[in-house]
Every structure is written in C-alpha cells, then in structure tokens.
Amino acid sequence: VLSLPVVFYATWMFFERAWRSIVTWHLNMFTLIGIGAGVAWLFSVVALLFPGVFPHDFMTHEHTVYVYFEAATVILTLVLVGQVLEARAHGKTNSAIKELLKLAPSTATRIKDDKEEVVHIGSIHPGDLLRIRPGERIPVDGYIKEGETSIDESMITGEPIPVSKRQGDKVTSGTINGNRTFVMVAERVGAQTLLSRIIEMVNAASRSRAPIQNLADKISGYFVPIVVIIALITFIIWSIYGPAPSYVYAFVNAVAVLIIACPCALGLATPMSVMVGVGRGAQAGVLIKNAEALERMADIDVVITDKTGTVTEGKPSVEKVLVVDSTRDERDVLRKMVAVNSASEHPLAQATVRYGREQGIEPESISGFEAVTGKGVTGRLGHSVLALGNDKLMEQVGASIPHTFRQQIQEEQRQGKTVSYLAEGNRVLGAVVITDKIKPTSKMAVETLHEAGIRVIMLTGDNPDTARAVSEALKLDGYKAQMLPDDKFNEVKRLQQEGHKVAMAGDGINDAPALAQADIGIAMGTGTDVAIESAGITLVKGDLNGIARARQLSRSVMQNIRQNLFFALGYNVLGIPIAAGVLYPAFGLLLSPMIAALAMSFSSVSVIGNSLRLKNASLA
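A short tour of the structure in this document, coming up. (Residues numbered from 1 in each chain as written. Predicted model: local features only at pLDDT ≥ 70, side-chain atom pairs only at ≥ 80, totals over all residues. Heavy atoms only, no water.)

### Brief notes about the pairing of strand S11 (residues 302–305)
On S11, burial covers both faces: Val302 and Ile304 on one face and Val303 and Thr305 on the other are all buried. Strand direction decides the pairing type here: S11 and strand S20 (residues 502–506), joined by four bridges, are parallel. For Val303, the partnering residue across the bridge sits in S20 and is Ala503. For S11 and strand S18 (residues 455–459), the ladder comprises four bridges, and the chain directions are parallel. Across the sheet, the residue bridging to Val303 is Val456, located in S18. (Buried < 20%, exposed > 50% of the residue type's maximum accessible area, 1.4 Å probe, protein only. Helix = DSSP H or I, 4+ residues; strand = E, 2+ residues; numbered from the N terminus. Pairing = 2+ DSSP bridges.)

Shown next, in the form of structure tokens:
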C-alpha cells in the first residue's frame, strides 16, 4: 500500500519515459529503471496474491514469498532524488537578455517643429532629432548634429575611458552621455540598433547550445538492450532446461537479472558529482552554472580573453609622473596636476587625484576651471595658469614640448599608455603616464594554461598599440585589436568551425555574445551582470588563474563521474551472471532478487561516497 503513491504518483513519469524510450527505441537509463522496478513491483504483487506458484527455494520459513515492494520503491526514490539534484544543477534560468534590455531607455526627448516632446522609444524613426542630456543613455544609433560631449562606451567596447564626440561622430544605443547636452540624428532604430543586435546574438547562441551529452545515457544505450537480451535468454534457458516448475524458475531468475541490472545509482552518478564539484568550485572562487559547463571545460584547447577587466585591472591608474628636466621637482609637478584635475569628473582626472592622495598630496582649490572636450582641462592655481591634456591642448595654450621629452612620451604611447602633459603658462613642466595595469596573476595564469597545452588569444576593443604591449608582456599566442561585439562573436565561430573547443573569458556587455557562443563562457565576477549571466562559469575574484582552476575542477569531476558510472554498474555487471543462474549447476546457488536489491544499495552508497571525495579535490 505504501509503495502505491511512489509508483503511481511521484515516479510515474519514469514509467512514461521508459515506455516512450521503448516505442521510439531510444533506450536509456529510464528503460531499465522502468522495466526493472516495474517487474519487481509486479512480481511482488503476484507473490503477495499467489505465493503458491513459486518454488520452495523462494519461500520464507513462514511459507511466504519474498516481496520486493520496498526494493522497487527504493529504486524509484533514489532515481527521483538524482533527478531533483540534476534539476537544481540546471535550474537557473538565463536572465542575460533581461539585463541587456535594461540598457535601452524606454523614452527619449524628440525635437519636432522646434518643440521638445518625450516619446516612447518605439515611436522614434530614422531622421528624428533627439536631445540627449547629461547622464542619459542614448536611445538609438545615430550621429551628433549639434554639440560635443564625452560618452561612456564601456558597455559596447569594454574600455573604461569615455570617448570624446563632436559634430558628425557616431553614437550607439545603450551608451551613457557625459556632462554635456547634444542633439543627435536617429539612424538605426528598433531591432537595427547595435544593442538590439547584441541581444539577438546572445539569444541565438543560447538557443543553439547543444544539450549536455549525458554519459549515463550513452552507457545505458548499450547496457539496456544487452541486459534485456540476457534476461530473455535466462528465461528461455531456464524454461527449457530448468527443474520443475521450470517457468517459475525462469521468471524468477529473469526478474533477478533485471533487478540487479536496474541502474538506480546510474541516476545519481552524474548529478552527485556535479553538485559536489559545484560546491568545491565555489570554495575556490569558480562558480559553475550547469553540468554542461563542467563537462565541456575539460575539452577546451583555446582560451579567448578580453583585455579590460579580465587581463588588466579595468580602470585607469597612474603609472608614473615624468618631468621635463631634473631641475623640476616631481612632487611639485604632481601637486599642480592634482589641483587642476580635482574639479574634473573624467576617469583619468580621478585616477590622478587618487594617485596624489596615495602620495600624501591633497587637492588645492583652483579657479577658472574649464574642461576642453577632446583635449584636457585648464584652470588657475594662485597666480599660475595650468593646462593638463594632450598635445592639441598644448598647441592651444602656446606651450612648446621639448623634442627629447616628446620622444620620451611617444615611446610611452607606443606601449599603449595614455599620457597628459602639464603646462604652466607656455612652459611644459612634465607629464602623467596613465595605464590600465595588467593584473599580477595574469602572467602566471597564461603560463599555467600554456603548460596544459591551451592556446591563449586576446580580443580587445582597445587600440593596436595597447593590445600589442599587453600581448607581448604576457606572451600570448595572438591578439586582435579594435574588436566590436560582433567581431568577437564571429572570431569565436571561426575557431569553432576549425574544430577548436573554445572558452571565452570576458567581463563586459560587449563580451556577452561571444560568451554565449563559445563552448564555455567564463565571466569575471567583477564584471557586468550580463556577462555573468551569459557565461557558463564565473570567476568570483575576477582572477584569470581561475580558468586553470576551472579546468582542473572539470577534469576532476569528469573523472569522478566515470568512477561513479563504474560503481553504479560494477555490482550489477558482476551480479548479472549469478542472477542468471550460472552457479546453479555447480553449486545449486541462485541469487534471490532481495540480494540483487542489496547489491544495488551498495552501488548507490559507493557512488555517494566517491562523489563526496571531490570536496577535498586539489585545484592547484
């Protein structure tokens, strides 16, 4: 009675799957589970209602036949537990699309007949004039008609430094306007915008991802028909050559074969390893999204990495301050740089002020501050007129840069660094060198991956000089610069078409399509939610070393799964000949279905115990 709700309610779906697998001849673990547990339960019903039909060997001292309601119930319950664990491992829905959709504003300010009106983004048509105010997100793709500004394009290019824009320059939906107002002309709207295309690429790549190739089902595909054939052969041989009542002996031994072959632990083999492996990964700062990510990571032979925030810190920082000649006091030059930058909100200015504070220099108040778009900043400190910016600003204020100093600065720029000159009046005093520092762990991570035979390639939206400098510093296998999201996406597809198993490591929205397309997407935990949601693996610490740890974890888990499959099937395979009665002619020994059920229990305990070993797996 207690077995009825388990068989006919909680686990009835297993019998439905078993029936479908037989009808379609796509045999899997549910085929054996359905046949084995079903026959065990039906055998028990017959034994309960008609015990007299069974031979004496299967009678208890009370002259009743052993029943296997509990064996069938345990089999089905263990498999159900395995399915629940597996569902939890796969259960997180991918919300990357929702995160991307948040980037697009729902309304925009349209200029029509010299009047401004707030309209829904769906009402915008190509050719419309739109006013973009400071801090607003740009609603559609287009170009600037009036005004100039700086725009944060990090969600598209992944680069942290805002880009100066002026009349005629292109602007992209989802990017953020700086501190100036401008008027733009809408060109691409709706599904044609770059942001919409990114969303579609993420969506398409997510849909096209192949389902995990379950090792248990692969084995079951061969194991199931073999077991069914053995059970049939057992029935035929015992019915022909067995002692009377031969058909009862034949039925009992065929049932014993099916029961001992029923792979209850097979349903636990993969999900148990995955669940323990996921927990072990979390301890090491490697978050695994699903079992598919674990399985695929072991086969990776190419790692593609973004630069900003992945290989580098992802934020500008001052590397050093240069002075024109040794008679200048470097600290005094830095003091003036900090002062003139203190009124600016530009990331480069903030990096300079932060560096000054680290050196014990607090910003002094200045007057007449002005931000010159695309050039730098100017201001007055006491009686001194200061200008900090690029060579165009130096020309504007009439400050000449000494030839030898300019050569020194150009060498820094060739290494991909950003340099701003400081002028007092018409004299250049020095320059500040700003860079996006390579993370201390990146070089070691690349070396570790090379030792494992994995190629490491960098794709970045940054300029070629910066990309080359980083690639040479880390001894990468290759790099490509000025890559937009669809370029990265296409590069991943190209490598896959050449037969490579590709892992993509990135941290920005611009990486999301490539992360979703790659065999494995690896996101930095310090990155955007979109990148994290598009990826199969997230490195909590934003540490590239985590890729090596993730690969080692993947290999350990896959090895553990194979061991589990051995334990899940080992007892069964050894017990099948005994259950079939091969020992009966010599020793008169038959394997009771109860012993068969006990062997199944041992296999389950072995699988669980082996999976728990992963808790102490070394990921070094």
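On we go.
### A word on the sheet that holds strand S12 (residues 317–323)
Read from one edge of the open sheet, six strands run S12-S17-S16-S15-S14-S13, paired in antiparallel fashion. The open sheet is flanked by S12 and strand S13 (367–372), the only strands paired with a single partner. Going from strand to strand, the sheet's axes swing by 15° on average, the running direction of each strand aside. Note: S13 against strand S14 (residues 376–381), four bridges, orientation antiparallel. Across the sheet, residue Ala371 finds its bridge partner in S14, namely Val377. Contacts from helix H12 (residues 330–341) reach S12, S13, S14, strand S15 (384–389), strand S16 (418–424) and strand S17 (427–435), with the element oriented near 105° to S14. Packed on one face of the sheet, helix H13 (residues 347–358) meets S12, S16 and S17 and runs near 75° to S12. (Axes fitted to C-alpha atoms, helices over the stretch in contact; angles between N-to-C directions. Contact = heavy atoms within 4.5 Å.)

### Quick word on the environment of Val324
Position of Val324 relative to the elements: it lies in the loop between S12 and H12. C-alpha separation for the pair Val324 and Leu429, spaced 105 residues apart in sequence, amounts to 5.7 Å. With near-sequence residues (within four places) excluded, Val324 lies in contact with Pro402, Phe405, Val428, Leu429 and Gly430.

### Section: helix H21 (residues 545–580)
A rise of 1.5 Å per residue sets the reference length of H21, with its 36 residues, at 52 Å; its end C-alpha atoms lie 53 Å apart and thus fit the reference within 8%. Where H21 bends most, at Leu569, the angle is about 35°. After H21 finishes, the residue Gly581 shows a positive phi value of roughly 95°. (Expected span 1.5 Å × (residues − 1). Bend = angle between axes of the 7 residues up to and from the residue.)

### Regarding the sheet that holds strand S6 (residues 163–165)
Taken in spatial order, the three strands make up an open sheet running S6-S5-S8, and their pairing is antiparallel. Bordering the open sheet on either side are S6 and strand S8 (176–177), each of which pairs with just one other strand.

### A closer look at H13
In this model, H13 (twelve residues) spans 16 Å end to end at C-alpha, consistent with the 16 Å of a helix rising 1.5 Å per residue. Buried residues of H13: Leu348, Ala349, Ala351, Thr352, Val353, Tyr355 and Gly356, and no others. Packed against the buried residues of H13 are S12, H12, S16 and S17. Positive phi shows up at Gly360, right after H13, with a value of about 80°.

### Looking at the pattern of salt bridges
Counted by the stated rule, this structure contains 24 salt bridges. With a shortest N-O distance of 2.8 Å, Arg335 and Asp332 are connected by a salt bridge. Note that Arg335 and Asp332 are positioned in helix H12 at a spacing of three residues, about one turn of the helix. With relative accessibility at 24%, the residue Asp332 sits in the partly exposed group. Connected through shared salt-bridge partners, Asp332, Arg335, Lys336, Glu364, Glu424 and Arg427 make up one network. (Salt bridge = Lys/Arg side-chain N within 4 Å of Asp/Glu carboxyl O.)

### Topic: the packing of aromatic side chains
With the rule as written, the count across this model stands at five aromatic pairs. Ring centres of Phe8 and Trp41 lie 5.3 Å apart, and the angle between their planes is 80°; this geometry places the pair in the edge-to-face category. Placement of Phe8 in helix H1 (residues 3–10) and of Trp41 in helix H3 (residues 29–49) is noted, with a sequence separation of 33 residues between them. Assessed through its relative accessible area of 44%, Phe8 is described here as partly exposed. (Phe/Tyr/Trp six-rings, centres within 6.5 Å; stacked < 30°, edge-to-face > 60°.)

### What about a nonpolar patch on the surface?
A cluster of nonpolar side chains, contributed by Ile229, Leu232, Ile233, Phe235, Ile236, Ile237, Ile240, Tyr241 and Phe251, occupies part of the molecular surface with about 900 Å² of accessible area. The element contributing the most residues to the nonpolar patch is helix H8 (residues 215–241), with eight residues. Tracing the backbone shows Ile229 in helix H8. (Patch = residues over 30% accessible without salt bridge, like charges linked within 9 Å, V, L, I, M, F, W, Y side chains within 5 Å. Areas by Shrake-Rupley, 256 points an atom, 1.4 Å probe, with all protein chains shown as cover.)

### Focus on the packing of H12 against H13
With their axes 9 Å apart at the nearest point, H12 and H13 run at an angle of 135° to one another. Considered as vectors, H12 and H13 are oriented oblique to each other. Relative to H13, the crossing made by H12 is left-handed. On the side of H12, the interface is formed by Leu334, Met337, Val338 and Asn341, while H13 contributes Ala349, Thr352, Val353, Tyr355 and Gly356. Split by residue class, the contact of H12 with H13 holds six nonpolar, three polar and no charged. (Parallel < 35°, antiparallel > 145°, perpendicular 65-115°, else oblique. Left-handed = near helix turned anticlockwise from the far one by under 90°. Nonpolar A, V, L, I, M, F, W, Y, C, P; charged D, E, K, R; others polar.)

### Side note on the nonpolar core
A general feature of soluble globular proteins is that nonpolar side chains tend to end up buried together. By size, the foremost hydrophobic cluster in this structure holds 64 residues, and its most contacted members are Val227, Met297, Ile520, Ile522, Ile537, Leu544 and Ile547. With 13 residues, H21 is the largest single contributor of residues to this core. Viewed by domain, this core spans two of them, domain 1 (2–98 + 205–271 + 558–616) and domain 3 (284–313 + 438–555), each represented by three or more residues. Apart from residues lying up to four places away in sequence, Ile520 is in contact with Glu292, Ala293, Arg296, Met297, Ile300, Val502, Ala503, Met504 and Ile537. Core analysis: the next-biggest nonpolar cluster, separate from the first, contains 22 residues, Phe14, Phe15, Phe30 and Ala37 among them. (Core = buried A, V, L, I, M, F, W, Y, C linked by side-chain atoms within 4.5 Å. Domains from an automatic or database assignment.)

Keep in mind that these numbers describe shape and distance, not what the molecule does.
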